[in-house]
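Coordinate inspection notes
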Amino acid sequence: MTIEETGWIYILSYCGAIGLILIGTVAMVIYHHLIRIILGLILLEAGVNLFLITVGYRANAVAPILMGDQVPVAMVDPIPQALVLTAIVIGVGVQALALALVIKTYKAYGTLDTKELAEKIAQESGTHLIDGIPVSLPAPALVRQIAEEKTP
């Protein structure tokens, strides 16, 4: 493999990792549907895993398996590979938990839109919505009492 080909592999891998991370982050921030948010999380995780593998890549290197007295000149770094394997297992667990929570949420509230969920949770708990966020406010009588205590 030539130096030019190796350079292109690095560039494409880093661009792909950054692209997946950006797409996943944007999907998690922009969308209000819980399934799309989980898909954004999956893309973000894939981008981070690709980035870690790219960091550990070395051109013309061999696997870090030593047999006998032979010592290869260049070996691939095994730490990022181990981290990615661990991250994949943890990611699958997080995705399974997130999907289970989405199913429970849909059964309980009948919607997967986060804005509608906030409204329904606010109605159910007796709180008020301020900028789409359920907030507990003190009772009006308590507010009046506090205001009267502050005035001389």
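See the structure above.
Points about helix H2 (residues 34–56)
Compared with the 33 Å implied by 1.5 Å per residue over 23 residues, the 34 Å span of H2 between its first and last C-alpha is a close match. Where H2 is concerned, the buried positions are Leu 34, Ile 38, Gly 40, Glu 45, Gly 47, Asn 49, Thr 54 and Gly 56. Buried residues belonging to H2 abut helix H1 (3–30), helix H3 (78–109) and helix H4 (114–125).

As for the packing of aromatic side chains
Scanning all chains against the criterion turns up two aromatic pairs. With a centroid separation of 5.5 Å and 70° between ring planes, the pair formed by Tyr 10 and Tyr 57 is classed as edge-to-face. Taken as a pair, Tyr 10 in helix H1 and Tyr 57 in the loop between H2 and H3 lie far apart in primary sequence, 47 residues in all. Arg 36 extends its terminal NZ or CZ atom over the ring of Tyr 31, reaching a point 5.3 Å from the ring centre.

A few points about the environment of Glu 119
Among the structural elements, Glu 119 can be located in helix H4. Separated by 10 residues in the primary sequence, Glu 119 and Leu 129 have C-alpha atoms spaced 7.1 Å apart.

Reading the values: rules and limits
- Residues numbered from 1 in each chain as written.
- Predicted model: local features only at pLDDT ≥ 70, side-chain atom pairs only at ≥ 80, totals over all residues.
- Heavy atoms only, no water.
- Helix = DSSP H or I, 4+ residues; strand = E, 2+ residues; numbered from the N terminus.
- Expected span 1.5 Å × (residues − 1).
- Buried < 20%, exposed > 50% of the residue type's maximum accessible area, 1.4 Å probe, protein only.
- Contact = heavy atoms within 4.5 Å.
- Phe/Tyr/Trp six-rings, centres within 6.5 Å; stacked < 30°, edge-to-face > 60°.
- Lys NZ or Arg CZ within 6 Å of the ring centre and 35° of its normal.

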